[in-house]
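Structural description and commentary
Below are the chains, spelled out letter by letter.
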Amino acid sequence: DKGITMPKVPNIKVEPPGPEAKKWVAMDDEYIVKATKTAPLVFKKAEGSVIEDVDGNTYIDFYAGVGVLNVGARHPKIVAAIKDQLDQYTHVAGTDFYCRLQSKLAKRLADSAPGKNKKMVFFSNTGAESVEAAIKIAKRGTGKQVIMDFLGAFHGRTVGAMTLTASKWVQREGYTATLMPGVFHVPYAYCYRCIYKLEYPSCGMWCAKVIEDVYFENQIPPNDLAAICMEVVQGEGGYVVPPKEFVKMIYDLTRKYKCLFIDDEVQSGMGRTGKLWAVEHFDVVPDIICSAKSLGGGLPLGATIVNAKLNFDRYGRHSNTFGGVSLAHAAALAVLDVIENERLLDRATKVGKETKKRLQEMQERYDIIGDTRGVGMMNAHEFVQDRKSKAHAAKSRDKIADMAFKKGLMLLPCGKSVIRYIPSLNIPQDQLDVGLGILEDCIKYVNKNRAD
């Protein structure tokens, strides 16, 4: 497959949404249940880091399919793998039968996970499902029922995953009476907005120490803990990167109280941070890793990678139908090949560092930017009304994203006033540079014309 020849990018022929896009947006509004919407972009084609809409406009993609396309849209090797598998069979109910692709992928993921201990894998379809599996495995494996997580966390919208989620109240409103019992949340190491009003590093990592000194003494029964679950780099909560010692201190608590460390890498994994797994930056060995999004290269696939000692004691404890879909397994094996063969971990480290430097330079020029943070190609700006109060500038953030869309750059918000920058790991340098230029033009304008 030679791929699609895409027009010049960006190239805005008609202000989006154009007339054709408006028709499809109207139909969507009429027939699709409300979920989440970012921009009125109606796809016609996508190739690499370029999107073309139904009106012929082309855009540079800085959101990678909400973190799904770490190796870009329609990578030729992934397309070839899917087509080859399509000629053989599309689906095996892998929880009931056997498939070489499933076994090969499971071994590859198990071998890739940190630590020398033997690992096993359960396949599902989504990040939320991978978290649900982790919850059940942790409870069965430890015989305990309590799980601790962090404010700002996002793990999905199914009941168990939603209970662990604590990033926005809208995700839980109307469901609080039916949430999973036995879940507690404590503050995360969000140093830019420390809930304890302390400064790092003079704080002595109080946000980690307070868990044992206060929460375990007054609220959370530590001996009942099945697991502590965390995103080692928070995603939807604002792309928050904690100090390295914070993750180590939390991990040490799990060793002391004989519970499990669940690492949610649905958004931060698959090379996004310059390591295959973000947790590799923190020198700890999780008992469970949750993966999805970019694992399937554009097809739905989740994986829960677990210490082999946590394997269920009998068949039927947990299962599904589509976790073994063979097209997705073929795509995932191709994704891992692309990451390895194109040295995308090295590129994410190098290009991510260069990109972060440019983002920091923007912060120096525009005081609407309160914080620049990230690791590898998982970067973000947090926008504020003023740097002293750090009041969120959500309207200005949204105005920047909307301006960028109209100029041909697709961005994705997160947190209360954050924009995440997550282009594919193999985005061509010229497209990255043009995209960063558009971004700065939009920030410069909104810096002078505040919306908040």
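Please refer to the structure placed before this passage.
Thresholds, definitions, all that
- Residues numbered from 1 in each chain as written.
- Predicted model: local features only at pLDDT ≥ 70, side-chain atom pairs only at ≥ 80, totals over all residues.
- Heavy atoms only, no water.
- Helix = DSSP H or I, 4+ residues; strand = E, 2+ residues; numbered from the N terminus.
- Rg over C-alpha atoms; globule rule 2.2 N^0.38 Å.
- Contact = heavy atoms within 4.5 Å.
- Lys, Arg positive; Asp, Glu negative; His and termini not counted.
- Charge placed at Lys NZ, Arg CZ, Asp CG, Glu CD.
- Buried < 20%, exposed > 50% of the residue type's maximum accessible area, 1.4 Å probe, protein only.
- Pairing = 2+ DSSP bridges.
- Axes fitted to C-alpha atoms, helices over the stretch in contact; angles between N-to-C directions.
- Parallel < 35°, antiparallel > 145°, perpendicular 65-115°, else oblique.
- Left-handed = near helix turned anticlockwise from the far one by under 90°.
- Nonpolar A, V, L, I, M, F, W, Y, C, P; charged D, E, K, R; others polar.

A few words on the overall build of the protein. When its secondary structure is counted, the protein shows 12 helices and 15 strands. For the protein, the C-alpha radius of gyration of 22 Å lies close to 22 Å, the compact-globule estimate for 452 residues. Structurally, the protein occupies a C-alpha span of about 60 × 60 × 45 Å along its principal axes. Put simply, of all contacts in the protein between residues at least 6 apart along the chain, 74% involve residues at least 24 apart. In the protein, the 62 positive side-chain charges and the 53 negative ones have mean positions that sit 1 Å from each other.

Residue Pro17 is reached from Pro16 by a cis peptide bond, and omega for that bond is 0°. Relative to the helices and strands, Pro17 resides in the segment before helix H1 (19-31). With an omega of 10°, the peptide bond running from Tyr200 to Pro201 counts as cis. Considering the arrangement of structural elements, one finds Pro201 in the loop between strand S6 (183-186) and helix H7 (206-218).

Our next topic: the pairing of strand S3 (residues 58-61). Remark: a regular strand shows side chains that alternate across the two faces of the sheet. The alternating pattern of S3 places Thr58 and Ile60 and Tyr59 and Asp61 on opposite faces, both of which are buried. Alignment of strand S2 (residues 50-53) against S3, held across three bridges, turns out to be antiparallel. Counterpart to Glu52 in the pairing with S3 is Thr58. Between the end of S2 and the start of S3, which pair antiparallel, lie four residues, with Gly56 showing a positive phi angle near 90°. Examined bridge by bridge, S3 and strand S13 (residues 409-410) share two bridges and lie parallel to one another. Bridge pairing in S13 places Asp61 opposite Met410.

This brings us to the packing of helix H4 (residues 100-112) against helix H9 (residues 326-341). Between two packed helices, what matters for the description is the angle formed by their axes and the separation of those axes. Between H4 and H9, the shortest axis-to-axis distance is 9 Å and the interhelical angle comes to 40°. Regarding the angle of H4 to H9, the classification is oblique. Crossing hand, H4 versus H9: left-handed. Residues Leu101, Gln102, Lys104, Leu105, Arg108 and Leu109 of H4 pack against Ser326, His329, Ala330, Ala332, Leu333, Leu336, Asp337 and Glu340 of H9. Tallied by class, the residues present in the contact of H4 with H9 amount to seven nonpolar, three polar and four charged.

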